[in-house]
Amino acid sequence: FESAYNVDETHFTKVASAAITYAIPGLLVSTLVTGTVINTLYSDWQWFEAGLLGALLSATDPVAVVALLKQVGTGSLLDTLIEAESLLND
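Everything numeric in this text was worked out from a predicted model, so none of it was measured.

From N to C terminus, the protein chain includes five helices and zero strands. In the protein chain, the order of α-helices and β-strands from amino to carboxyl end is α-α-α-α-α. Expressed as a percentage of the 90 residues in the protein chain, the buried residues total 26%. The long-range fraction of contacts in the protein chain, counting pairs at least 24 apart against all pairs at least 6 apart in sequence, stands at 56%. Accessible area for the protein chain stands at about 6,300 Å²; split by element, carbon and sulfur atoms hold 66% of it.

This is the structure:
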């Protein structure tokens, strides 16, 4: 919530296309991999159930990453890109 509330609109518009490019395929691949691992471990589960749990578990929260980047002093565009990708994943 905090990153969505405090996002810099000019930086967000600059990184929006890149964030969408990272968010959609990244979430799909992560969901597929996590669902496959769950389905392999629990063979009595159906693919739908494993995929649903995979979708819930694959969305990441970048709070620690953004805090580290701010400590290191990276550019605000990189911070905004990571926050925007997370915002679009949610």
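Moving on: the packing of aromatic side chains. All chains considered together, the criterion is met by one aromatic pair. Considering the side-chain rings of Tyr-42 and Trp-45, the 5.4 Å spacing of their centres and the 25 degrees angle between planes classify their relative orientation as stacked.

When pLDDT is averaged across the protein chain, the result is 80; 84% of the residues are at 70 or more. Of all helices and strands in the protein chain, the one with the weakest mean pLDDT is helix H1 (residues 2-5) (64), whereas helix H3 (residues 47-58) scores best (87).

Tracing the chain through its elements places Thr-31 in helix H2 (residues 9-41). Polar contacts involving the side chain of Thr-31 include one to the main-chain carbonyl oxygen of Leu-27, which spans 2.7 Å. Apart from residues no more than four positions distant in its own chain, Thr-31 is found in contact with Gly-51, Gly-54, Ala-55 and Ser-58.

Conventions we followed
- Residues numbered from 1 in each chain as written.
- Predicted model: local features only at pLDDT ≥ 70, side-chain atom pairs only at ≥ 80, totals over all residues.
- Heavy atoms only, no water.
- Helix = DSSP H or I, 4+ residues; strand = E, 2+ residues; numbered from the N terminus.
- Buried < 20%, exposed > 50% of the residue type's maximum accessible area, 1.4 Å probe, protein only.
- Contact = heavy atoms within 4.5 Å.
- Areas by Shrake-Rupley, 256 points an atom, 1.4 Å probe, with all protein chains shown as cover.
- Phe/Tyr/Trp six-rings, centres within 6.5 Å; stacked < 30°, edge-to-face > 60°.
- pLDDT = per-residue confidence, 0-100.
- Polar contact = N/O pair within 3.5 Å; in protein donor to acceptor, adjacent residues only side chain to side chain.

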